[in-house]
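Spelled out, the chains give:
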Amino acid sequence: MSSKRVCLCVAVSSLLLLPLAGLVSAAAGRYDSIFSFGGSSSDTGNNLIVFPPSERVNYVLRPPYGTTFFGRPTGRCSDGRLVIDFIAQHLGLPFVPPSLAHNESFRQGANFAVSGSTALDAAFFHRLLPRTRKPLNTSLGVQLRWFESLKPSLCGTTQECETFFSRSLFVVGEFGTNDYGIFVLNGVAGMTLMPLVPDVVGAISMAVEVPTSIASSTKQAAPGTAIVYADRFGPVMDMMESPAKFGLEEDALLTPCCGGPDTLLCGEDGGNLCENPSARLFWDGAHPTEAAYHYMAHLLLRSIDDTTVRGASYTSL
């Protein structure tokens, strides 16, 4: 059976406790590379390159970030692995390197995600909020342009690109939250954000064009491309409503493992660290723990396997 290109739009998925090491993967061995786009829930180190030391998000360069798996901070906004890391391990591929890193080979994939990224370009916010500080422009559109710039180093001709990317997995992660958050932080009430929704959705829909523009300039449907939509909200709600089902503490769902008391952030001196991160849903108040990402990754991985087997053109979780 021929391999399928799969574009995962608005990533992060299900929440089961089955260990990844015990799964038999129909997709493993069918993908040679992974290309990822997104924000802080997908960033594997680009934030450390993009942001100056004084602006690094949530002190991600300081312990205890990375303490559960890597043993050191890596730029990931968690205590360990993210969904994209579990995907790579499940498919037998190395962790996807940040695309802005120097001296890296991207033959097996690149991660373009940057913490704080928006679906809309920075100019949009600067136009509507002229007095606010213009956000760093690492939007979805910018990340897609980074991908286009990388392509010549991976393949030279249309046929070479078709062959190379036919065995590539594309993961388009979380976009939209930061777009709305910028307005909220600037005093715009939540209900007045509704007019922004078409703009945000329109920008995110660009992600669906990724697999169709890989090998050529046409936007015709690419044969052999499967698009899987994965919901993040539902699984998180499942964990909040039935914590014991996922091995989480009943009374600690909304209490982050790292940070506090008061307004102290994770990584700041004096911040607390819970005894068992695997029993918590949130790591630093904004991002899940490795354990939660592990739960989210399982159904997403299963959907990749199922889609590969069925050859479906679209799957909704």
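The shown structure was predicted, so the numbers you read here are calculated from the model rather than taken from an experiment. Throughout, residues of each chain are indexed from 1 in the direction in which the sequence is written. For this predicted model, a pLDDT threshold of at least 70 governs which residues receive local features, and a threshold of 80 or more governs which side-chain atom pairs are given and counted, while totals over whole chains, interfaces and linings are taken from all residues. As a rule here, side-chain values come from all non-hydrogen atoms in the structure, and water together with hydrogens is ignored.

The next point concerns helix H7 (residues 197-204). Taken as a whole, H7 has its buried residues at Val200, Ala203 and Ile204. The buried residues of H7 all sit within an arc of 100° when viewed along its axis, so they share a single face. Should any heavy atoms of two residues lie within 4.5 Å, those residues are considered in contact. We count a stretch as a helix when DSSP gives it H or I for four or more residues in a row; a strand needs E for two or more, and each element gets its number in order from the N terminus. The elements touched by buried residues of H7 are helix H4 (140-150) and helix H6 (177-185). Exposed residues in this analysis have more than 50% of their type's maximum accessible area, buried residues have under 20%, and partly exposed residues fall in between, with area computed by a 1.4 Å probe over protein chains only. Here the arc refers to the directions that run from the helix axis out to each C-beta atom.

This brings us to the nonpolar core. Note on terminology: a nonpolar core comprises buried Ala, Val, Leu, Ile, Met, Phe, Trp, Tyr and Cys residues joined through side-chain atoms within 4.5 Å. Counting residues in each nonpolar core, the largest one holds 29 residues, and the members touching the most others are Phe35, Phe37 and Phe165. Counting residues per element, the ones that place at least two in this core are strand S2 (33-37), helix H3 (122-128), H4, helix H5 (158-165), strand S4 (168-172), H6 and H7. Looking at which element gives the most residues to this core, the answer is H4, with 4 residues. Among the nonpolar cores identified, the runner-up in size contains 28 residues, and Leu93, Val96, Val171 and Leu248 belong to it.

With that settled, the discussion passes to the pattern of salt bridges. Working definition: two side chains of opposite charge can pair if their charged atoms are close together. We define a salt bridge as a contact between a side-chain nitrogen of Lys or Arg and a carboxyl oxygen of Asp or Glu at a distance within 4 Å. In this structure the tally under the stated criterion is 6 salt bridges. Of the charged contacts, one joins Asp85 and Arg76 as a salt bridge, the two residues approaching to 2.8 Å between their closest N and O atoms. What makes Asp85 buried here is its relative accessible area of 1%. Residue Glu148 pairs with Lys151 through a salt bridge whose shortest N-O separation is 3.4 Å.

Here the focus is the state of the cysteines. In this description, a disulfide is simply a cysteine sulfur pair whose atoms lie within 2.5 Å. By the definition in use, this model includes 3 disulfides. In this model, Cys155 is linked to Cys161 through a disulfide, with the two sulfur atoms separated by 2.0 Å. Across the S-S bond linking Cys155 and Cys161, the dihedral sits near 85°, which makes this disulfide right-handed. The residues Cys155 and Cys161 share a single accessibility class, namely buried. The residue that forms a disulfide with Cys257 is Cys274, at a sulfur-sulfur distance of 2.0 Å. Here Cys257 and Cys274 share a disulfide; its torsion about the S-S bond, -90°, makes the bridge left-handed. Of this pair, Cys257 sits in the loop between helix H8 (233-241) and helix H9 (290-310) while Cys274 sits in the loop between H8 and H9; the two residues are 17 residues apart in sequence, bridging distant segments of the chain. Comparing Cys257 with Cys274, the two get one shared label, buried. When the bonded cysteines of the chain are counted from the start of the sequence, the pairing works out to 1-2, 3-6, 4-5. Cys77 carries a free sulfur, and the closest cysteine sulfur to it, the one in Cys266, is 9.6 Å from it. Note on Cys77: relative accessible area 0%, which makes it buried.

What follows covers the side chain of Gln143. Mapped onto the elements of the fold, Gln143 is located in helix H4. N or O atoms within 3.5 Å of each other form a polar contact, as long as, within protein, one can give a hydrogen and the other can take it, and as long as residues adjacent in sequence are counted only when both atoms are side-chain atoms. At a separation of 3.0 Å, a polar atom in the side chain of Gln143 contacts the main-chain carbonyl oxygen of Gly38.

Burial runs high along helix H2 (residues 83-90): 7 of the 8 residues are buried. Listed as buried for H2 are Val83, Ile84, Asp85, Phe86, Ile87, Ala88 and His90. One or two residues past the end of H2 sits Gly92, with phi positive at roughly 75°.

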